[in-house]
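# Structural features, examined
For reference, the chains in residue letters:
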Amino acid sequence: LIDSELEKLAVAVFPDKTITSDAVKQYCKSTEDVFALADLIIKGDKNEILKQYNLLTEKHHPLEIFAVLQGSMQKLLFVKNYEKRMTSRDIAAKLRPVPEFIIEKMKKSLNKTSIERLIQIRKNLINAEYKIKTGTSADADTIMETALLN
């Protein structure tokens, strides 16, 4: 896990070869902001989604945002899928290193969201990421915004 996080930090600070404490603070803060964006997507608050996304793009490329958002949405989908069949403790064990209290928060935030909605969000993100990475469209922000708002 630590190796994986260090690799993400190395990518985030590239072309620099040194990971500073400021880089760690900035990366951790932006990760929290992406989790907030995921919550807004689930709630469907389109104005707030755009505000949060625009704040994130001031410092990060859309693909950086996608990476964290995809992981977050995958975990939310897993929680929703298993919330009635597994305890929060068991879900937390499967999603290591996500603590049980975070699983409980996820369950509450997903209370009024259907699994079909989460699947659609995930599909939108996957399609948008594909379009950006393959160069199907040169405007990554428009692709991202469309995926977030649909």
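Residues numbered from 1 in each chain as written. Predicted model: local features only at pLDDT ≥ 70, side-chain atom pairs only at ≥ 80, totals over all residues. Heavy atoms only, no water.

### Examining the confidence of the model for the protein
Parts of the model with low pLDDT should not have their predicted coordinates read in detail. Put simply, the protein has an average pLDDT of 86, and 91% of its residues get 70 or more. At the low end of the mean pLDDT range in the protein sits helix 1 (residues 2-13), at 68; at the high end sits helix 5 (residues 88-94), at 95. (pLDDT = per-residue confidence, 0-100. Helix = DSSP H or I, 4+ residues; strand = E, 2+ residues; numbered from the N terminus.)

### Quick look at the pattern of salt bridges
Where side chains of opposite charge bring their charged atoms close, a pairing between them can arise. A full pass over the atoms with the stated rule returns four salt bridges. Note that E100 and R89 form a salt bridge whose closest N and O atoms lie 3.5 Å from each other. Of this pair, E100 sits in helix 6 (residues 100-109) while R89 sits in helix 5, placing them eleven residues apart in sequence. By relative accessible area, E100 is classed as partly exposed at 35%. (Salt bridge = Lys/Arg side-chain N within 4 Å of Asp/Glu carboxyl O. Buried < 20%, exposed > 50% of the residue type's maximum accessible area, 1.4 Å probe, protein only.)

### With respect to the packing of aromatic side chains
Here the structure, examined in full by the defined rule, presents one aromatic pair. Ring plane angle 45° and centroid distance 4.6 Å describe the contact between F78 and Y82, whose orientation is recorded as tilted. Of this pair, F78 and Y82 both sit in helix 4 (residues 62-82), four residues apart, which is roughly one turn of the helix. Taking the relative accessible area as the measure of exposure, F78 reaches 24% and is therefore partly exposed. (Phe/Tyr/Trp six-rings, centres within 6.5 Å; stacked < 30°, edge-to-face > 60°.)

### Digging into the nonpolar core
By size, the foremost hydrophobic cluster in this structure holds 35 residues, and its most contacted members are L37, L69, M73, I103, L125 and L148. If you list the elements that add at least two residues to this core, you get helix 2 (21-43), helix 3 (46-57), helix 4, helix 5, helix 6, helix 7 (115-134) and helix 8 (140-149). Per-element accounting of this core gives the leading share, eight residues, to helix 4. When residues no more than four places from it in sequence are discounted, the contact partners of M73 are A38, I42, L118, I121, R122 and L125. (Core = buried A, V, L, I, M, F, W, Y, C linked by side-chain atoms within 4.5 Å. Contact = heavy atoms within 4.5 Å.)

### Focus: the environment of L50
Its location among the elements puts L50 in helix 3. Considered as a pair, L50 and L148 are 98 residues apart in the sequence and their alpha carbons are 8.3 Å apart.

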